[in-house]
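One letter stands for each residue in the lines below.
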Amino acid sequence: MYTQGLDIKPGDKAIPLETGSSEAEQRFQERIDRDERIEPKDWMPEGYRKTLIRQISQHAHSEVVGMLPEGNWITRAPSLRRKAVLLAKVQDEAGHGLYLYGAAETLGVSRAELVEQLLSGKAKYSSIFNYPTTTWADIGAIGWLVDGAAIMNQIPLCRCSYGPYSRAMIRICKEESFHQRQGYEIMLTLARGSAEQKAMAQDALDRWWWPSLMMFGPHDADSTHSDQSMAWKIKRFSNDDLRQKFIDATVPQGEFLGLSFPDPALRWNEERQSFDHGEIDWEEFWRVIKGDGLCNRDRMRARNKAHDEGAWVREAAAAYAEKRAARARAAAE
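Residues numbered from 1 in each chain as written. Predicted model: local features only at pLDDT ≥ 70, side-chain atom pairs only at ≥ 80, totals over all residues. Heavy atoms only, no water.

Engineer: I keep staring at the environment of Ala331 and nothing clicks. Help me out?
Structural biologist: Note that Ala331 resides in helix H13 (residues 311-332). Judged by its relative accessible area of 67%, Ala331 is exposed. (Helix = DSSP H or I, 4+ residues; strand = E, 2+ residues; numbered from the N terminus. Buried < 20%, exposed > 50% of the residue type's maximum accessible area, 1.4 Å probe, protein only.)

Engineer: I would appreciate a short explanation of unusual backbone geometry in the present structure.
Structural biologist: Trans peptide bonds make up most of the peptide bonds, and negative phi angles are found at most residues other than glycine. Even without glycine at this site, Asp35 takes up a positive phi of about 65 degrees. Its location among the elements puts Asp35 in the loop between helix H1 (23-33) and helix H2 (46-65). Assessed through its relative accessible area of 40%, Asp35 is described here as partly exposed. Although it is not a glycine, Gln273 adopts a positive phi angle of roughly 55 degrees. Taking the relative accessible area as the measure of exposure, Gln273 reaches 47% and is therefore partly exposed.

Engineer: Help me understand the packing of aromatic side chains, please; the structure alone is not making it clear to me.
Structural biologist: Describing an aromatic ring pair means giving the distance of the ring centres and the angle of the ring planes. In the structure shown here, the tally under the stated rule is 13 aromatic pairs. Plain terms: the ring middles of Phe216 and Phe246 are 5.5 Å apart, the flat faces sit at 45 degrees to each other, and that makes the pair tilted. Placement of Phe216 in the loop between helix H8 (195-214) and helix H9 (226-231) and of Phe246 in helix H10 (residues 239-257) is noted, with a sequence separation of 30 residues between them. Just as Phe216 is buried, Phe246 falls in that class too. The rings of Trp144, Tyr184, Trp209, Phe216, Phe246 and Phe261 are connected pair by pair, giving a single aromatic cluster. Over the face of the ring belonging to Trp73 we find Arg76, whose NZ or CZ atom lies 3.9 Å from the ring centre. The ring of Phe237 carries Lys245 above its face, with NZ or CZ at 5.2 Å from the centroid. (Phe/Tyr/Trp six-rings, centres within 6.5 Å; stacked < 30°, edge-to-face > 60°. Lys NZ or Arg CZ within 6 Å of the ring centre and 35° of its normal.)

Engineer: I keep staring at the packing of helix H6 (residues 136-154) against helix H7 (residues 163-191) and nothing clicks. Help me out?
Structural biologist: Between two packed helices, the angle of one axis relative to the other and the distance separating the axes together describe the packing. Orientation of H6 relative to H7, taken along the N-to-C sense of each, is 145 degrees, at an axis distance of 7 Å. For the pair H6 and H7, the sense of crossing is left-handed. Residue classes in the contact of H6 with H7 are distributed as 13 nonpolar, nine polar and two charged. (Axes fitted to C-alpha atoms, helices over the stretch in contact; angles between N-to-C directions. Left-handed = near helix turned anticlockwise from the far one by under 90°. Nonpolar A, V, L, I, M, F, W, Y, C, P; charged D, E, K, R; others polar.)

Engineer: How should the side chain of Gln154 be read in this particular structure?
Structural biologist: Within the element layout of this structure, Gln154 appears in helix H6. Of the polar contacts made by the side chain of Gln154, one reaches the side chain of His59; its length is 3.3 Å. (Polar contact = N/O pair within 3.5 Å; in protein donor to acceptor, adjacent residues only side chain to side chain.)

Engineer: Before we go on, may I ask you to explain the pattern of salt bridges in this structure?
Structural biologist: Pairing of side chains with opposite charge becomes possible as their charged atoms draw close. What the rule picks out here adds up to 22 salt bridges. With a shortest N-O distance of 2.9 Å, Arg27 and Glu23 are connected by a salt bridge. Here Glu23 and Arg27 lie together in helix H1, a separation of four residues that amounts to about one turn. With relative accessibility at 45%, the residue Arg27 sits in the partly exposed group. (Salt bridge = Lys/Arg side-chain N within 4 Å of Asp/Glu carboxyl O.)

Engineer: Sorry if this is basic, but what is going on with the environment of Tyr125 here?
Structural biologist: Relative to the assigned elements, Tyr125 resides in the loop between helix H5 (111-120) and H6. Sequence separation between Tyr125 and Ile172 is 47 residues; the distance between their C-alpha atoms is 17 Å. Among the polar contacts listed, one links the side chain of Tyr125 to the side chain of Asn130, at a separation of 2.6 Å.

Engineer: I keep staring at the layout of surface pockets and nothing clicks. Help me out?
Structural biologist: The method is simple in principle: a probe with the dimensions of a water molecule rolls over the atoms, and the space it marks as empty is what remains. Considering only enclosed or pocket space, the second largest pocket measures out at about 370 Å³ in volume. Lining the second largest pocket are 14 residues, and of these Val64, Leu98, Tyr101, Val115 and Arg303 sit closest to its centre. Elements with a minimum of two residues in the lining of the second largest pocket: helix H4 (80-105), H5 and helix H12 (296-309). With five residues, H5 is the largest single contributor of residues to the lining of the second largest pocket. Across the lining of the second largest pocket, the residue classes break down as ten nonpolar, one polar and three charged. (1 Å grid on protein atoms, 1.4 Å probe; cavity = no way out; pocket = protein on both sides within 12 Å on 5 of 7 lines; lining within 4 Å. Points joined across faces, edges and corners; volume = space filled by probe spheres on them.)

Engineer: Just checking my understanding: could you explain the side chain of Arg236 for this structure?
Structural biologist: Relative to the helices and strands, Arg236 resides in the loop between H9 and H10. Arg236 sits in the buried class, given a relative accessible area of 18%. There is a polar contact of 3.2 Å between the side chain of Arg236 and the side chain of Asp35. Polar contacts involving the side chain of Arg236 include one to the main-chain carbonyl oxygen of Arg159, which spans 2.6 Å. Every residue in contact with Arg236, bar those within four places of it in the chain, is listed here: Asp35, Arg37, Pro156, Arg159 and Met230. (Contact = heavy atoms within 4.5 Å.)

It is worth stressing that arrangement in space is one thing and function is another; only the former is reported here.
Below you can see the structure in the form of structure tokens.
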């Protein structure tokens, strides 16, 4: 889902666990336990509101920053069809960001404030977008693996306890499923192509497999906010459970492509009816989260440049909106 905001680095302060210390909190938790949706005008604990702002805004930031590695290939797509499909996908990501910023605004925070947090480096986005797209096969790997991991994370969010977020996720999940199929179709075409094309697909899988597993965040024992988020039904499944579901679903797809996974420990466990896998390089995970990935600085430079160059558009839109409002006021007098 492009969100790792609930999985902060060791040492950061967690949002305190709300244990129903007041009557209002008890009634709130009872609503959550009944699977009722919480709406913007409903009472909610401050910790719940802050957790949602943190998660939804980081999700929005990830959608926006996620356009950069794929946008890198729009002008270099191998055919007009591929270019049109990639353009549609990048446009979808922009729309997802808008939906999510809108959902976050219902919690009392402004979009301008959230964008400023991203541009200043205060807010985080998914670490997956700090890796480079060096070949066309990377676009296929992003669609198949990255969007596949996103779908695994996002489908449970359609039942998130916060109404605006859950409703936004329904449309986003439908569009992400198209993105995943688009990526897999690219990988299938390459895998069935020439030896050079299949090698390109294999190289992309080798480079994107482990970062895709990192998308689910650290192990449950190291995930600072998971217990509270699950009690509030913001999250429905733990990081490790979702990661395992993703591996079990994705490995057979890779085998169908005739590609191998870069994990010598990956093997089917008959007793668990699931795949065993090797340990993730968590040092790399935290290094990228802290800003020392291959593309962290490039991504922030690009977003700040786009924001600065788009200032005139925002100013023109604000002036036009004010002009229309003035006309409406004059007509009402």
